[in-house]
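Fold and geometry: a report
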Amino acid sequence: MARSAPALSSFTAGEISPRLEGRITLDKYREGLSELTNMVVLPQGGVTRRPGTQFLAEVKDSAVKTRIIPFQFKTTDTYILEFGEQNMRVFRDGEQVLEGAPGTITAITNANPGVLTITGHTFTEGEEIYITGVGGMTALNGRNYLAVNVTANTFTLQTLFEDDVDTTALPAFTSGGTADAIYEIVTPYLEADLFNLRVAQSADTMYIVHPDYEIRILSRLDHNNWPVKTAIIEGGLASATSIQNITQASPGVVHSGSHGLVNGDHVKILAVVGMVELNSNYYTVAGVTTGTFTLVDEAGVAVDTTGFAAYVSGGTVQKILDPSIPITGANNRPSVVSFFEQRLVFAGTTENPQTVWFSNSGDYQNFTTGVSDDDALIYTIASNQVNSIRYLSATRVLVLGTSGGEYVLSTTNDGPITPTTTQIRKYSNYGSANVEPVQVADVTLFLQRGLRKIREFRYSGAVDTGGYTAPDVTILAEHLTEGGIVQFAYQQEPDGIVWAVRADGALLGMTYRREEEVVAWHKHTIGGVFGSGNAVVESIAVLPTDNGDDELYLIVKRTIGSVTKRYLERFKQFDFGTQTTNAFFVDSGLAYAGGSVNTLAGLYHLEGQTVSILGNGASHPDRTVTNGAVSLAFSVTSAAIGLTYTSYMQTMRLESGSVDGTSQGKPKRIHAITLRLLKTVGIEVGNSANENDRIFFRDSSMNMDEAVPLFTGDKNIEFPGGFDDNDRIYVQQTQPLPMTVLAFFPRMNTFDI
């Protein structure tokens, strides 16, 4: 009988494939786990519980699949854009942006339903609004409602479950309060097309492309001012026609002799003296008569020149010509977009799937080609078969992923791209899926055609003689991507995690620190259910911050009270501090901090659901949400409340050797184990999910409603049982508490037979 005490001190391979169960001599086997769920791998070697998700809001229409897209205007001004069926909403700092024109509430009746009065309000039937600041009926504050039974000065409320709001039992309205509409804009995009949109952003402008829609330009003018317009693309200008006059009117009328224009022509106006507001802009011609016409801007609005400076003299109008290979109109709309070296880049139209368009340098809508260094250029990839361009990834070079291979754009003189020095070379033949890749430093992580393999396209070898390779980063965990990947996002801080949404709605994570050779996969199930299965993650996005973790946002689909609901949620910070009172390990949750209370309210989004509660840093018995609230067994001044989730990890089969060689296939007994923990409370340890015991951190001197101090150090545990072949270690956390495991040190006997 051999006695052994192996050390499992690094888990930097993450969850690895069942196909590796026999590779006991592989280094990654010793660093791998057979299960790692709702935990992430730390680059230093340990694993920690993922934080919970904070509920932010329900999407505009929970019946429709919704996509979120990040928008970073500056490091302190970031937004999440919620795209639904032909609409877009905006979130800033985790809160919905409102219209900014609140109406003052002057009365609310105690009735079923209660009637609100706002003289001269502008709400429409069924419009979603937000109420705050109400005196007396304070239970109405801080919630979204639907305005129904709308009249000129009154309306009643419905919850987002479309139930009438009964104010009969509420305290009487005293004074104050406002109601404001949720800010949203109209977009052309249908639900079926949302996840094929591609975007590129520069400062306060985002270009949006899709092969079935004209190029759109989304601009941020203010938190609640996001105009969207159809881009006019310049491929050259026709001969100039002189302007004789422009009226100050709505719309302004341009007088231009024999202009030769027809309605719908695109034009550019230059060199006007006086009414300079019109210069160098793109317009569409309307209202054509002999010698006159009016202008429509790219947003589709007739140009009102009433407030412009008066026309003085001069100016020309020129018809805009299409590029030599068009990128507007049916079958000519690009499917991908990027910025590269001060140029706007489009690629992959239906007619020309292998063609790339580069704008003039610094002039993003001008695609007039020429031979000068700053002229636009159009490049068609030559290959033996038609390979549609699936993505553009701008790092130090421009990587082009196609359905048949991966290419790199470079120049013949190693300088900036120009019409005469640009070249595109093929470096691999894997082929790319139609999913936007992510960039990590100078690496492009892309999804291979087939939707299961993720490859890292990176430069390898000496600077002068090396080339590009694309190794598979899923080879050790191919089982996790079964069913296919549909979306990526990269969270750089705190630990460098690539997040991926699987087709079935599971959330996958990969801790990726190539410089430390850490490529570690983990899987995540978000709390709650959809139908008879797990909650479904449909879309993810990451916003960078300067003050801690980058923020991961999610759209999660659940069944709440037999109704399908889609909620926007956000991961809380990984580092919650040094006190359990600040911990947040519930999903779709809310936090409370304030005076002592024995009821937690505001949980209308989880009506009828069983919720997990951390009160004053201590685990509280579960409760069911009724009328948006739960009653507590003890008063709290801080709490986290939401849907529960279980975090767990399980080792591979332990290999500790024996007298005559390996310990594999031989009866063995783990009789004790030392767990090295960091900032942990309340975990369970055993051989499996069905055989485990809770480790106690609370002693007899602590009250049950008192927070247990976070534990850092070693816990020694005895394992029950005799000799068998169950030689794994299983650890789980089922309470709303933290868990970080740094190492296992089992002590075991192997019976040689």
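First, a word on what this report is: a plain description of the structure on this page. (Residues numbered from 1 in each chain as written. Predicted model: local features only at pLDDT ≥ 70, side-chain atom pairs only at ≥ 80, totals over all residues. Heavy atoms only, no water.)

Here we take up the overall build of the protein. If you tally the helices and strands in the protein, you get one helix and 61 strands. Principal-axis analysis of the C-alpha atoms gives the protein an extent of 105 × 80 × 40 Å. Counting only residues that meet the buried cut, the protein has 54% of its 753 residues in that class. Counting contacts in the protein only where the partners sit at least 6 residues apart, residues at least 24 apart contribute 63% of the total. Here the protein displays about 30400 Å² of accessible surface, and carbon together with sulfur accounts for 48% of that area. Positive and negative side-chain charges of the protein, numbering 53 and 80 respectively, have mean locations separated by a distance of 7 Å. (Helix = DSSP H or I, 4+ residues; strand = E, 2+ residues; numbered from the N terminus. Buried < 20%, exposed > 50% of the residue type's maximum accessible area, 1.4 Å probe, protein only. Contact = heavy atoms within 4.5 Å. Areas by Shrake-Rupley, 256 points an atom, 1.4 Å probe, with all protein chains shown as cover. Lys, Arg positive; Asp, Glu negative; His and termini not counted. Charge placed at Lys NZ, Arg CZ, Asp CG, Glu CD.)

Right, let's talk about the side chain of T78 for a bit. Among the structural elements, T78 can be located in strand 8 (residues 77-84). When its relative accessible area of 9% is taken as the criterion, T78 is described as buried. If we ignore the near neighbours within four places in the chain, the residues touching T78 are F71, Q72, F91, R92, D93, L543 and P544.

Note on aromatic pairs: each is described by the distance of the centres and the angle between the planes. One pass over the full model with this rule turns up 18 aromatic pairs. Judged by centre distance (5.1 Å) and plane angle (80°), the ring pair of Y79 and W226 falls under edge-to-face. Of this pair, Y79 sits in strand 8 while W226 sits in the loop between strand 21 (213-219) and strand 22 (228-230), placing them 147 residues apart in sequence. Its relative accessible area of 0% is what places Y79 among the buried residues. For W226, a relative accessible area of 1% translates into the label buried. Judged by centre distance (6.0 Å) and plane angle (70°), the rings of Y207 and F339 are edge-to-face. (Phe/Tyr/Trp six-rings, centres within 6.5 Å; stacked < 30°, edge-to-face > 60°.)

One open sheet holds the seven strands; their spatial order is 11-17-14-15-16-13-12, and the pairing between them is antiparallel. Each edge of the open sheet is held by one strand with a lone partner, namely strand 11 (103-104) and strand 12 (107-108). Here strand 14 (residues 128-132) runs beside strand 15 (residues 143-148); their pairing, made up of four bridges, is antiparallel. Bridging from a neighbouring strand, I131 pairs with R143 of strand 15. (Pairing = 2+ DSSP bridges.)

Next up on the list: the sheet that holds strand 26 (residues 266-270). In space, the seven strands of this open sheet follow the order 23-29-26-27-28-25-24, with antiparallel pairing throughout. In this open sheet, the two strands that pair with only one neighbour each are strand 23 (241-242) and strand 24 (245-246). Relative to strand 27 (residues 282-289), strand 26 is paired through three bridges, and the arrangement is antiparallel. Across the sheet, residue K268 finds its bridge partner in strand 27, namely Y282.

Once that is clear, we can look at the side chain of E569. Relative to the helices and strands, E569 resides in strand 50 (residues 563-571). What makes E569 buried here is its relative accessible area of 0%. In this structure the side chain of E569 is engaged in a polar contact, spanning 3.0 Å, whose partner is the side chain of S588. For E569, the residues in contact, after removing those within four places along its chain, are T53, Q54, F55, L56, I526, L552, Y553, L554, V556, R558 and S588. (Polar contact = N/O pair within 3.5 Å; in protein donor to acceptor, adjacent residues only side chain to side chain.)

Of all six residues in strand 9 (residues 87-92), five are buried, a share of seventy percent or more. Examined bridge by bridge, strand 8 and strand 9 share six bridges and lie antiparallel to one another. From the neighbouring strand, I80 faces strand 9, where its bridge partner is F91. The hairpin formed by strand 8 and strand 9 contains two residues between the paired strands, and Q86 there has a positive phi angle of roughly 60°. When strand 9 meets strand 18 (residues 184-186), the two strands line up antiparallel, connected through three bridges. Bridging across to strand 18, N87 finds its partner in V186. The sheet contact formed by strand 9 and strand 10 (residues 95-96) spans two bridges and is antiparallel. Of the residues in strand 10, the one forming a bridge with F91 is Q96. Once strand 9 ends, the chain turns through two residues before running back antiparallel as strand 10, passing D93 with a positive phi of about 55°.

Side chains that are nonpolar tend, in soluble globular proteins, to be buried together. Ranked by size, the top nonpolar core spans 40 residues in total, and within it V47, M649, L675, I683, V731, V741 and F744 carry the most contacts. Only strand 3 (32-37), strand 4 (39-41), strand 45 (518-524), strand 56 (668-680) and strand 61 (740-750) provide two or more residues apiece to this core. Contacts of F744, omitting those with residues within four sequence positions, involve P6, A7, L8, F11, M649, T651, I673, T674, L675, I729 and V731. If you look at the next biggest cluster of nonpolar residues, it comprises 21 residues, including V438, I454, A500 and M510. (Core = buried A, V, L, I, M, F, W, Y, C linked by side-chain atoms within 4.5 Å.)

Moving on, we get to the pattern of salt bridges. For the coordinates displayed, the defined rule picks out 35 salt bridges. Of the charged contacts in the structure, one is a salt bridge between E21 and R653, with a shortest N-O distance of 3.9 Å. One end of the pair, E21, is in the loop between strand 2 (14-15) and helix 1 (27-30); the other, R653, is in the loop between strand 55 (647-651) and strand 56, and 632 residues separate them in sequence. By relative accessible area, which is 21% here, E21 ends up partly exposed. R89 is the partner of E184 in a salt bridge, and the nearest nitrogen-oxygen pair spans 3.1 Å. Of this pair, E184 sits in strand 18 while R89 sits in strand 9, and the two are 95 residues apart along the sequence. In this structure E184 comes out as partly exposed when scored by relative accessible area, which is 27%. One salt-bridge network, held together by shared partners, links K60, R89, E128 and E184. (Salt bridge = Lys/Arg side-chain N within 4 Å of Asp/Glu carboxyl O.)

Put simply, side chains in a regular strand alternate between the two faces of the sheet. For strand 30 (residues 336-340), a buried count of five out of five residues is recorded, marking the element as mostly surrounded by other parts of the structure. Burial along strand 30 is two-sided: the face carrying V336, S338 and F340 and the face carrying V337 and F339 are both buried. Where strand 30 meets strand 31 (residues 343-347), five bridges bridge the pair, whose relative direction is antiparallel. Within the sheet, the bridge partner assigned to S338 lies in strand 31 and is V345. If you look at the hairpin formed by strand 30 and strand 31, you'll find two residues sitting between the two strands, and E341 has a positive phi there, around 50°.

Following S250, the chain continues into P251 via a peptide bond in cis, with omega recorded as 0°. Summarising the element assignment, P251 is placed in the loop between strand 24 and strand 25 (253-255). With omega at 10°, the peptide bond leading from E493 into P494 counts as cis.

What is shown is where atoms sit, not what they do.
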